[in-house]
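# Examination of the molecular architecture
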Amino acid sequence: MAGLEDVLGRSVQATRALFAAAACSVALVDDEGETLTYVVADGAGAAEIVGVTIPVGRGIGGWAAMSGQPIAVRDVQSDARFARDVAEATNYVPSAILAAPLVTPEGEVIGVTSVLDPSVDEASDWTLHVLGTLASHMALLVVGARVADPGADGYADLGHDVLRVVREWLAARPT
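Attention in this report is confined to the structure presented alongside it. Counting starts from 1 at the beginning of each chain's written sequence and moves along it residue by residue. Where totals are concerned, whole chains, interfaces and linings use all residues; where local detail is concerned, this predicted model gives features only for residues with pLDDT of at least 70, and gives and counts side-chain atom pairs only at 80 or more. Here the side-chain values reflect all heavy atoms present in the structure, with hydrogen atoms and water set aside.

Each helix and strand counted, the protein chain has six helices and six strands in total. Numbering of helices and strands runs from the N terminus; a helix is a DSSP stretch of H or I covering at least four residues, while a strand is a stretch of E covering at least two. Secondary structure elements of the protein chain occur, N-terminal to C-terminal, as α-β-β-α-β-α-β-α-β-β-α-α. The classification of residues rests on relative accessible area computed with a 1.4 Å probe and restricted to protein chains. Under 20% of the type maximum is buried, over 50% is exposed, and intermediate values are partly exposed. Looking at the 175 residues of the protein chain, the share that counts as buried comes to 49%. Per-residue and other accessible areas were derived by the Shrake-Rupley procedure at a 1.4 Å probe size, with only the shown protein chains allowed to occlude residues. For the protein chain, the computed accessible surface area is about 8100 Å², with 51% contributed by carbon and sulfur atoms.

Okay, structure coming up:
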């Protein structure tokens, strides 16, 4: 899935830029639905988080994956769901986190994207809606990679769609 990591990585970079965030990542649910493994990240702590596996319900991102709902936490220190030890292991402990599940068109949660310390109003419905839309596009990238022939790059256009959505949102974003 090297092609997936490349296109998903570009989506994570674009999402981090859109939210002017310190970091952004994607973790995928394993086949048994028990763990999340961080497969791509960009920004602070990116190299340290990729490859980390945690129980699916752990952390704020894990809560988003379990509930199927996006979440904004302005002060992670006051939230019992925050997995501080995981953050400390990356050498970057955020103050705020946005997270949204990656949901397939059939309604299956296959992962989560997290945005750390966004510079936008993280509590607005608009912000969570946009992150949810981007997460849905990322889910399509994953689904496409799972059904594509090895070496096929038929899902790469979806990565461009994610970037297009980001550009359109930037142009329409309330100031």
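From this point, the narrative continues.
Before going further, it helps to spend a moment on the pattern of salt bridges. Here a salt bridge means any side-chain nitrogen of Lys or Arg lying within 4 Å of a carboxyl oxygen belonging to Asp or Glu. Tallied over the full model, the rule gives five salt bridges. Between Asp85 and Arg58 there is a salt bridge, with the nearest N and O atoms lying 2.5 Å from each other. One end of the pair, Asp85, is in helix H4 (residues 84-89); the other, Arg58, is in the loop between strand E3 (53-55) and helix H3 (59-67), and 27 residues separate them in sequence.

All right, on to the sheet that holds strand E6 (residues 109-116) then. Two pairing modes exist for strands in a sheet, parallel and antiparallel, and in both the strands are linked by backbone hydrogen bonds. The strand order E3-E2-E1-E6-E5-E4 describes an open sheet built from six strands, whose pairing is antiparallel. A strand with exactly one partner marks an edge of an open sheet, and here the two such strands are E3 and strand E4 (71-73). Each strand axis lies, on average, 25 degrees off the axis of its neighbour in the sheet, ignoring direction. A pair of strands is treated as paired once DSSP finds two or more bridges between them. Sheet analysis places strand E1 (residues 23-29) next to E6, joined by six bridges and oriented antiparallel. Looking across to E6, one finds that Val26 is bridged to Thr113. Simply put, an axis is a line fit to the C-alpha atoms, just over the touching stretch for a helix, and the angle between two N-to-C directions goes from 0 to 180 degrees.

Our next topic: the pairing of strand E2 (residues 35-43). Consecutive side chains of a regular strand alternate in pointing toward one face of the sheet and then the other. Bridge analysis of E1 against E2 gives seven bridges, and the strand direction is antiparallel. In the sheet register, Cys24 faces E2, and the bridge partner there is Asp42. The hairpin turn running from E1 into E2, its antiparallel successor, is five residues long, and Gly33 in that turn takes a positive phi close to 75 degrees. As judged from the three bridges shared by E2 and E3, these two strands associate in the antiparallel manner. By the bridge assignment, Leu36 is partnered in E3 with Ile54.

Take the packing of aromatic side chains next. Only Phe, Tyr and Trp rings are paired, with Trp represented by its six-membered ring, and only when their centres lie within 6.5 Å; those with planes under 30 degrees apart are stacked, over 60 edge-to-face, the remainder tilted. Counted under the stated rule, the structure contains zero aromatic pairs. Our definition puts a charge over a ring when NZ of Lys or CZ of Arg is within 6 Å of the ring centre and also within 35 degrees of the ring normal. Sitting over the face of the ring of Trp63, Arg81 holds its NZ or CZ atom 5.1 Å from the ring centroid.

Here we take up unusual backbone geometry. Located in the positive-phi region is Asn91, a residue other than glycine, with phi close to 65 degrees. For Asn91, the position within the fold is in the loop between H4 and strand E5 (97-103). For Asp117, which is not a glycine, the phi torsion comes out positive at approximately 50 degrees. By relative accessible area, Asp117 is classed as buried at 19%.

As a further point, take the environment of Ala100. With respect to the element layout, Ala100 can be found in strand E5. Judged by its relative accessible area of 0%, Ala100 is buried. Here the alpha-carbon distance between Ala100 and Ala65, two residues 35 residues apart in the chain, equals 7.3 Å. By the convention used here, residues are in contact when the closest approach between their heavy atoms is within 4.5 Å. The contact partners of Ala100, leaving out residues within four places of it in the chain, are Ala64, Pro70, Val112, Thr113, Leu131, Gly132 and Ala135.

A large share of E6 lies buried, amounting to seven of its eight residues. In the sheet, E5 pairs with E6 via seven bridges, with the strands oriented antiparallel. Following the sheet pairing, Ala100 is matched in E6 by Thr113. As consecutive antiparallel partners, E5 and E6 are separated by five residues, and within that stretch Gly107 has a phi angle of approximately 95 degrees, a positive value.

Interpretation in functional terms is not warranted from these geometric data alone.
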